[in-house]
Amino acid sequence: MSFHFTFYGTFVDGALDNGDRRPYTARVKRLWCALLLAASPLAASADEGEAPGRAAAKARRLVENLPVEARVELRMMYRRYADAVANRLEQGWRPGLLDEAAIAGEEDGEAPFRPARLTEEMTRARRREIQELEATLRRKSPDEELREYNRVRRLIQSKNEELARLRAQAVRDKGLARDWSDLVWSEFVAMGLEHWSARDEIRRARPLHAAAVACSPAEAPSVCLAFDPWRDGRADVFAFDAWDEGALGGRFPRDYLLHDLPEKAP
């Protein structure tokens, strides 16, 4: 398998140091982004908008052999997936962002990664807790219940401090691969799937990449699909094996997922 790399400009000895005055880390990030997109199954390829590649065609045959209930649920999963991606783009999430772990090709270091969805949910939860505590405080009398009154005040202060930290974390750009994979995985979990199992998956091929993966039951000829909108914010689905190996030919036609799957079981 070969990849075609296109660089806009010419690199000569010292060009990265002398010809480009941006900070070194910014230049390295740009170079790694170009490499990741060029070597990724998400890169624009000959099978985009045409017949599916070999890997996608094989996965599609496996899907067609699944019970109708599993195919109906897959259609529902795709619609929920596409809606979740569209909603987050409207909220300011961006596709194609890279983080330091992806650039280094490593897992997280001392500070564990917190997906954007989790930060958002924790922020909303802390706001609700503060509102409830403030309502409780208004019902307390500092004259008659001083100890309890002060305890609630300390809790409010602690929750406000935590909320400030969460807000600072939420300022970062949202749209890393692991943001998207966590978002899609959480949507599938919330559906209470009956015929598919979902997980948050780190790709085996380098550079580091992630997506939500759903697999059909093992008792049938099983098929696994990667739901990965990271590259450009499109609700793309890939045959898992091709996605995991960083190979082309795994993209599913979106028309199939939107229109060719059954809407309900007979």
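Placed above this text is the structure.
We now turn to the structure provided with this report.

Scoring rules and cut-offs
- Residues numbered from 1 in each chain as written.
- Predicted model: local features only at pLDDT ≥ 70, side-chain atom pairs only at ≥ 80, totals over all residues.
- Heavy atoms only, no water.
- Helix = DSSP H or I, 4+ residues; strand = E, 2+ residues; numbered from the N terminus.
- Contact = heavy atoms within 4.5 Å.
- Areas by Shrake-Rupley, 256 points an atom, 1.4 Å probe, with all protein chains shown as cover.
- Core = buried A, V, L, I, M, F, W, Y, C linked by side-chain atoms within 4.5 Å.
- Buried < 20%, exposed > 50% of the residue type's maximum accessible area, 1.4 Å probe, protein only.
- Patch = residues over 30% accessible without salt bridge, like charges linked within 9 Å, V, L, I, M, F, W, Y side chains within 5 Å.
- Salt bridge = Lys/Arg side-chain N within 4 Å of Asp/Glu carboxyl O.
- Lys, Arg positive; Asp, Glu negative; His and termini not counted.
- Charge placed at Lys NZ, Arg CZ, Asp CG, Glu CD.
- Axes fitted to C-alpha atoms, helices over the stretch in contact; angles between N-to-C directions.
- Nonpolar A, V, L, I, M, F, W, Y, C, P; charged D, E, K, R; others polar.
- Disulfide = S-S within 2.5 Å.

### Quick look at the overall build of the chain
So, point 1. Each helix and strand in the chain was counted, giving 10 helices and 4 strands.
So, point 2. Along its sequence from the N terminus, the chain presents helices and strands in the succession α-α-α-α-α-α-α-α-β-β-β-β-α-α.
So, point 3. Excluding contacts between residues fewer than 6 apart, the proportion of contacts in the chain whose partners are at least 24 apart in sequence is 70%.
So, point 4. Accessible area for the chain stands at about 15,300 Å²; split by element, carbon and sulfur atoms hold 49% of it.

### Thoughts on the nonpolar core
So, point 1. Judged by nonpolar contacts, the single largest core of 35 residues is most densely connected at Tyr 81, Trp 196, Leu 225, Phe 227 and Phe 252.
So, point 2. Of all the secondary-structure elements, those providing two or more residues to this core are α3 (54–64), α4 (68–90), α8 (177–191), β2 (210–215), β3 (224–227), β4 (237–239) and α10 (254–260).
So, point 3. Here this core takes 7 residues from α4, the largest share from any one element.
So, point 4. Once you skip the residues sitting within four places of it in the chain, Phe 227 turns out to touch Leu 74, Met 77, Tyr 81, Val 184, Phe 188, Ala 211, Ala 212, Ala 214, Asp 236 and Val 237.
So, point 5. Ala 211, Cys 215, Phe 238 and Phe 240 belong to the second-largest nonpolar core, a separate cluster that totals 7 residues.

### Points about a positive patch on the surface
So, point 1. Where like charges cluster on the molecular surface, the positive patch consists of Arg 124, Arg 127, Arg 128 and Arg 167.
So, point 2. Here the positive patch gets 3 residues from one element, more than from any other, and that element is helix α6 (residues 116–138).
So, point 3. On the secondary structure map, Arg 124 appears in helix α6.

### Considering the pattern of salt bridges
Between side chains of opposite charge, a pair can form as their charged atoms come close.
So, point 1. With the rule as written, the count across this model stands at 20 salt bridges.
So, point 2. A salt bridge links Arg 199 to Glu 201, with the shortest nitrogen-to-oxygen separation between them at 2.6 Å.
So, point 3. The residue Asp 236 makes a salt bridge to Arg 234 at a minimum N-O spacing of 3.5 Å.
So, point 4. Residues participating in the shared-partner salt-bridge network are Arg 231, Asp 232, Arg 234, Asp 236 and Arg 251.

### Concerning the packing of α6 against α8
So, point 1. α8 packs onto α6 with a crossing angle of 65° between their chain directions and a minimal axis gap of 7 Å. Across the interface between the two elements, Ala 116, Arg 117 and Leu 118 from α6 touch Asp 179, Asp 182, Leu 183, Trp 185 and Ser 186 from α8.
So, point 2. Looking at side-chain class alone, the contact of α6 with α8 contains 4 nonpolar, 1 polar and 3 charged residues.

### A short note on the state of the cysteines
So, point 1. A full pass over the atoms with the stated rule returns 1 disulfide.
So, point 2. For Cys 215, the disulfide goes to Cys 224, at an S-S distance of 2.0 Å. Disulfide Cys 215-Cys 224: the torsion about the S-S bond is 110°, which places it as right-handed.

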